[in-house]
Amino acid sequence: MKELDLSEFPPGTVTEYTTLVCLACIFDIFTKQIGLAPRSAYTEIKRYSPTVQELTSRTAVRPFFDSEEKHPRCPYCSAAKRWHARLDTHCIEGVKTTDVPRRKLSKNLKQDQFALLEVKSDRRKAFFDWLDTLRISLDLNDPAWLLEATRAYLERKFPKEHWTTLFEDLRAVRPSSRLEDGWERDGARLFLAPALYNESLLVQYLVSRSHEHGGRTLEGRLTLMELIRRLRRGGYLETHNISSGDQFEILDKLLDEIAGAGQLKLYYIVDRREFLDKVKSVYASYA
Ligand SMILES: [Zn+2]
């Protein structure tokens, strides 16, 4: 099956989810629990469109499951692989930079093969979805993750820049008080303006805070209190009018800075091609 071409979307604007669905379980639900005849069950199942929650949840429930194995068994009914279908979901953030490629893409999709779902959301949630996906893609036991997380944040914030080139053979990221904004590559080091550097520390902290006590950053392990103290010393809080409050109120305002505030639409594209194929072949053997 041809993969969707998502190369025109800026990095960090598309989140991918994949889940397996057990058709034996689905047929079972439709025929035994709901009591439909196989033929009607087949018609209903073809029309069946999972919810965003079912498609993107990190913990799957029946008839959905996740598996890294080559020949997995359904965890609920132990059906073999020919009963499983993969559902890939792409979530596109409804921001200015994705409008044109998104319209172009959805125009080219066959309606029965792909389901398009629009969900009202906000920037904060989109940011945490992004953070979640980033955390899964990183190996927090390999110190290189700190640079990768920094790059991912910069890509998200400045999608037009060529970060792959800027991070090639990079050894370190450092703050530079000479820079008022932006960045500068010097040899194997990338210098960031202090505010940008501090934001990247916050992202590193958020990525790693649930991994161990406190978070790990390019400045070593930091508690939230230490991170805030650092941002205050560097003038970040003052510049962004974050003055008072306890650490959690301050974190909340910091998140408005790096995640952005306000409404946002999320566009989900569900690839149903394998699902439809499998439903057909499974029904043939079922009926
Ligand atoms: Zn099953």
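An account of the accompanying structure is given in this report. Quantities reported herein were computed from a predicted structural model and do not represent experimental measurements.

### Here we look at the sheet that holds strand 7 (residues 189-192)
Thinking step 1. A sheet is described by the order of its strands in space; here 3 strands give the open sequence 5-7-6, paired in mixed fashion. Both edges of this open sheet fall to strand 5 (172-175) and strand 6 (183-186), since each of them pairs with a single strand only. Taken pair by pair, the neighbouring strands of this sheet meet at an average axis angle of 25°, ignoring direction.
Thinking step 2. Here strand 6 pairs with strand 7 via 4 bridges, running antiparallel. Each bridged residue has a counterpart across the sheet, and for Asp186 the counterpart in strand 7 is Arg189.

### Concerning the environment of Ile250
Thinking step 1. Inspection of the secondary structure puts Ile250 in helix 11 (residues 247-259).
Thinking step 2. As a C-alpha pair, Ile250 and Pro159 span 91 residues in sequence and 27 Å in three-dimensional space.

### A few points about the coordination of the zinc ion
Thinking step 1. At the metal site, the zinc ion is ligated by Cys22 (SG), Cys25 (SG), Cys74 (SG) and Cys77 (SG), and these contacts range over 2.3 Å.
Thinking step 2. Metal-centred angles of 106 to 112° between the 4 donor atoms at the zinc ion mark the site as tetrahedral.
Thinking step 3. Considered as a linear motif, the donors of the zinc ion on their single chain read C-x2-C-x48-C-x2-C. Here Cys22 is found in strand 1 (residues 14-22), whereas its partner Cys74 is found in the loop between strand 2 (64-65) and strand 3 (84-94), with 52 residues between them in sequence.
Thinking step 4. For Cys22, a relative accessible area of 0% corresponds to the buried category.

Criteria and cut-off values
- Residues numbered from 1 in each chain as written.
- Predicted model: local features only at pLDDT ≥ 70, side-chain atom pairs only at ≥ 80, totals over all residues.
- Heavy atoms only, no water.
- Pairing = 2+ DSSP bridges.
- Helix = DSSP H or I, 4+ residues; strand = E, 2+ residues; numbered from the N terminus.
- Axes fitted to C-alpha atoms, helices over the stretch in contact; angles between N-to-C directions.
- Donors = N, O, S within 2.8 Å, 3.2 Å for Na, K, Ca; no water.
- Tetrahedral: all angles 85-135°; square planar, octahedral: opposite > 155°, others 65-115°.
- Buried < 20%, exposed > 50% of the residue type's maximum accessible area, 1.4 Å probe, protein only.

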